[in-house]
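Descriptive analysis of the structure
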Amino acid sequence: MSVKVLQAKISVLEAHDRIAQRVRQTLNEMNIKMIDVLGGPGAGKTSIIKQLVTRLKDKFKIAYIGGDLATAKDAEELSKLNVPSIQINTGTECHLEAPWVEDALKELLKEGKPDIIFVENVGNLICPFEFDIGAHVRMLIFSVDSGGKEKFEKYPIAVLRSSIIVINKIDVANIFDINVEELIQTGKKMNPKAEIVAVSAKTGEGIDKLADILLKHLRIK
Ligand code: MG
Ligand code: ZN
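Residues numbered from 1 in each chain as written. Chains lettered and ligands numbered in written order. Predicted model: local features only at pLDDT ≥ 70, side-chain atom pairs only at ≥ 80, totals over all residues. Heavy atoms only, no water.

Let us look at the sheet that holds strand S7 (residues 195–198). Ordered by their spatial adjacency, seven strands build an open sheet running S3-S2-S4-S1-S5-S6-S7, and the pairing between neighbours is parallel. The open sheet has two edge strands with one neighbour each: strand S3 (85–89) and S7. Averaged over all adjacent pairs, the angle separating strand axes in this sheet is 20 degrees, with direction ignored. Bridge count between strand S1 (residues 33–39) and strand S4 (residues 116–120): five bridges; the pairing is parallel. Within S4, the position partnered with Met34 by the bridge is Ile117. Sitting on the sheet, helix H4 (residues 98–109) touches S1, strand S2 (62–68), S3 and S4, and the angle it makes with S3 is about 155 degrees. Strands in contact with helix H8 (residues 207–218) are S1, S4, strand S5 (137–143), strand S6 (164–168) and S7; relative to S7, the strand with the most contacts, it is inclined by about 160 degrees. (Pairing = 2+ DSSP bridges. Helix = DSSP H or I, 4+ residues; strand = E, 2+ residues; numbered from the N terminus. Axes fitted to C-alpha atoms, helices over the stretch in contact; angles between N-to-C directions. Contact = heavy atoms within 4.5 Å.)

Residues other than glycine seldom take positive phi values, yet Asn82 does so here, at roughly 60 degrees. For Asn82, the position within the fold is in the loop between helix H3 (73–79) and S3. The phi angle at Asp177 is positive, at roughly 60 degrees, despite the residue not being glycine. If you trace the backbone, Asp177 turns up in the loop between S6 and helix H7 (180–190). Overall, Asp177 belongs to the exposed group, its relative accessible area being 63%. (Buried < 20%, exposed > 50% of the residue type's maximum accessible area, 1.4 Å probe, protein only.)

Moving on: the packing of aromatic side chains. Evaluated as defined, the whole model comprises one aromatic pair. Measuring from ring centre to ring centre gives 5.1 Å for Phe142 and Phe152, while their planes differ by 55 degrees; the resulting arrangement is tilted. Here the residue Phe142 occupies a position in strand S5, and Phe152 occupies one in helix H5 (residues 151–154), the gap between them amounting to ten residues. Each member of the pair, Phe142 as well as Phe152, is classed as buried. (Phe/Tyr/Trp six-rings, centres within 6.5 Å; stacked < 30°, edge-to-face > 60°.)

Counted according to the given criterion, the structure contains twelve salt bridges. Linking Asp115 and Lys113 is a salt bridge whose minimum nitrogen-to-oxygen distance equals 3.7 Å. On the basis of relative accessible area, Asp115 is assigned to the partly exposed category, the value being 24%. Residue Lys113 is classed as partly exposed on the basis of its relative accessible area, which comes to 34%. For Glu130, the salt bridge goes to Arg161, with nearest N and O atoms at 3.6 Å. In this pair, Glu130 is assigned in the loop between S4 and S5 and Arg161 in the loop between helix H6 (156–160) and S6, connecting sequence segments 31 residues apart. When salt bridges with common partners are traced through the structure, they connect Lys50, Glu77 and Lys80 into a single cluster. (Salt bridge = Lys/Arg side-chain N within 4 Å of Asp/Glu carboxyl O.)

Attention now moves to the nonpolar core. Among the nonpolar cores identified, the biggest contains 32 residues, and Ile35, Ile48, Leu52, Phe118, Met139, Ile164 and Leu210 are the most heavily contacted of them. Only S1, helix H2 (45–56), S2, H3, S4, S5, S6 and H8 provide two or more residues apiece to this core. A per-element tally of this core places H8 first, with seven residues. Setting aside anything within four residues of it in sequence, one finds Phe118 in contact with Ile35, Val37, Ile49, Leu52, Val53, Leu56, Ile62, Ala63, Tyr64, Ile65 and Leu214. If you look at the next biggest cluster of nonpolar residues, it comprises 19 residues, including Ile167, Ile178, Val180 and Leu183. (Core = buried A, V, L, I, M, F, W, Y, C linked by side-chain atoms within 4.5 Å.)

Before going further, it helps to examine the environment of Leu214. In this structure, Leu214 sits in helix H8. Classification of Leu214 by relative accessible area gives buried; the value is 0%. Here the alpha-carbon distance between Leu214 and Glu195, two residues 19 residues apart in the chain, equals 9.5 Å. Once residues lying within four places of it in the same chain are set aside, the contact partners of Leu214 are Ile35, Leu52, Phe118, Met139 and Ile164.

Geometric descriptors of this kind do not, in isolation, establish any biological role.
This is the structure:
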């Protein structure tokens, strides 16, 4: 009797990461830069993206992909700034995965080629950091009004796997008893390679500096 041999399939995560690499390769071939924006709910991801879009949109074509369990509210906000926007509703999934980003990218490209794509991940400080979505830069948004001064230490993976870390809502740091300088030092100790920027999406403080740092990381001017 003949024996059937089955090749073991690659693991689910390995298959996922191959798609992420394919996304990044497509972006590189088309000279498009993509930023994965991560942070807990209410940290100010959408507000910071909007501020950056306002600063950068005269010079660069910008597009937006947003991940949320439900609703298209964030994509609607961005489309008000004339940014081609796509919302991915993840249903019960608490993070974005590369195949969904790949589908969204295909849709976006029908509207022309952007220079920069902001991907707003699902509001969550844990599992989105386990999934490479094909972006060039991970930007973590942390706000002073949630989690207190130990937040960086409580979420080490988020700090270690981000190359830009934004401390948002510094206009209310005093009210929440947060010493922004100390927080920056904590972050630097944990991840010396990361750039840490303190901003207020509300007042616009620090956003010019953040835009410069972002362009430097993306290697575009
Ligand atoms: Mg949002
Ligand atoms: Zn998740």
